[in-house]
Amino acid sequence: MMKPILRFAVLGLALAAPSHMASAQSSEPSIASPDAASLQLAREIIDLGMPEENREAIFFTTMDQMMSQMRSAQLNTGVENDPNIDAIVDEHLERFRLDAQAILSDELPNIMEGWALAYANIFSLEELRDIRNFVATPSGQRFFELSAAIVAEPNFAAANQRYMDSIMARLPLMQIELRDALLEYLSSLPPETEES
């Protein structure tokens, strides 16, 4: 049976693989250009709903909660954990968290602009006006701000934790199946010949 650190590493690779494959399949996405009025309204929605001074804190809190749930799911796999391995994993996760926060800080303006562009492309001008009017109210601002923080709310967090625990419980079998499929494929390849 794989040690917890290896299982955690494979989880990271498994999670990274789909996004890598998706980017390889569509490395040049077609980006629609919204009209100026829609984009202006969408930017106002983002600025009202996610004020610049609160953005990092909201995103960091959400990131921390998701990482905490992933780590809890990894610890709940039923395999006896080695405290030394857990300490190493936690140290690396903390380093990753700090790196991810630094990257997020750099990319946040682009994310916000992408968010505005998405709204401008998805919603009609009339819908954007309605959304902007709602977000301009205190209730609208609170709804918008707390939408990202929903992952930390106890009911949602408990449901999401059960989901992550179920995924992690299936991970060892997936790793074995993946390893066996790769070994079968590699063993079917003809031996490499040395070029003289």
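Presented here is an overview of the structure given in this document.

Focus: the pattern of salt bridges
Turning to step 1, where the next piece is worked out: This model, assessed by the stated rule, comprises five salt bridges.
Turning to step 2, where the next piece is worked out: Linking glutamate 94 and arginine 97 is a salt bridge whose minimum nitrogen-to-oxygen distance equals 2.7 Å. Here the residue glutamate 94 and the residue arginine 97 both occupy positions in helix H4 (residues 83–122), the gap between them amounting to three residues, near one helical turn.
Turning to step 3, where the next piece is worked out: Residue glutamate 94 is classed as partly exposed on the basis of its relative accessible area of 34%.

Side note on the packing of aromatic side chains
In this description, an aromatic ring pair is defined by two values, namely the gap between the centres and the angle between the planes.
Turning to step 1, where the next piece is worked out: Within this structure, the stated rule accounts for five aromatic pairs.
Turning to step 2, where the next piece is worked out: For the ring pair tryptophan 115 and tyrosine 119, a centre distance of 6.1 Å and an interplane angle of 75° mean the geometry is edge-to-face. With tryptophan 115 and tyrosine 119 both in helix H4, this residue pair falls four residues apart, about one helical turn.
Turning to step 3, where the next piece is worked out: In this structure tryptophan 115 comes out as partly exposed when scored by relative accessible area, which is 22%.
Turning to step 4, where the next piece is worked out: Owing to a relative accessible area of 18%, tyrosine 119 belongs among the buried residues under this scheme.
Turning to step 5, where the next piece is worked out: Summarising the aromatic geometry, the rings of tyrosine 119 and phenylalanine 123 are spaced 5.5 Å apart at their centres and angled 75° between planes, so their arrangement reads as edge-to-face.
Turning to step 6, where the next piece is worked out: Of the residues examined, phenylalanine 123 reaches a relative accessible area of 28% and is grouped as partly exposed.

Quick look at the nonpolar core
Turning to step 1, where the next piece is worked out: The biggest cluster of nonpolar side chains holds 23 residues, and the ones touching the most others in it are Ala42, Ile45, Ile46, Tyr119, Leu128 and Phe144.
Turning to step 2, where the next piece is worked out: Every element with two or more residues in this core is listed here: helix H2 (36–49), helix H3 (52–75), H4 and helix H5 (125–135).
Turning to step 3, where the next piece is worked out: The element best represented in this core is H4, accounting for 10 residues.
Turning to step 4, where the next piece is worked out: Not counting chain neighbours up to four residues away, the residues in contact with leucine 128 comprise Ser38, Leu41, Ala42, Ile45, Tyr119, Ala120 and Phe123.

Quick notes on the packing of H2 against H5
Turning to step 1, where the next piece is worked out: Two elements in contact, H2 and H5, have axes separated by 9 Å at closest approach and are oriented at 20°. Classified by the interaxial angle, the pair formed by H2 and H5 is roughly parallel. Note on packing geometry: the crossing formed by H2 with H5 is left-handed. Contacts between H2 and H5 pair Ala37, Ser38, Leu41, Ala42, Glu44, Ile45, Leu48 and Gly49 from the former with Leu125, Leu128, Arg129, Ile131, Arg132 and Val135 from the latter.
Turning to step 2, where the next piece is worked out: Taken together, the residues of the contact of H2 with H5 break down into nine nonpolar, two polar and three charged.

Conventions adopted
Residues numbered from 1 in each chain as written. Predicted model: local features only at pLDDT ≥ 70, side-chain atom pairs only at ≥ 80, totals over all residues. Heavy atoms only, no water. Salt bridge = Lys/Arg side-chain N within 4 Å of Asp/Glu carboxyl O. Helix = DSSP H or I, 4+ residues; strand = E, 2+ residues; numbered from the N terminus. Buried < 20%, exposed > 50% of the residue type's maximum accessible area, 1.4 Å probe, protein only. Phe/Tyr/Trp six-rings, centres within 6.5 Å; stacked < 30°, edge-to-face > 60°. Core = buried A, V, L, I, M, F, W, Y, C linked by side-chain atoms within 4.5 Å. Contact = heavy atoms within 4.5 Å. Axes fitted to C-alpha atoms, helices over the stretch in contact; angles between N-to-C directions. Parallel < 35°, antiparallel > 145°, perpendicular 65-115°, else oblique. Left-handed = near helix turned anticlockwise from the far one by under 90°. Nonpolar A, V, L, I, M, F, W, Y, C, P; charged D, E, K, R; others polar.

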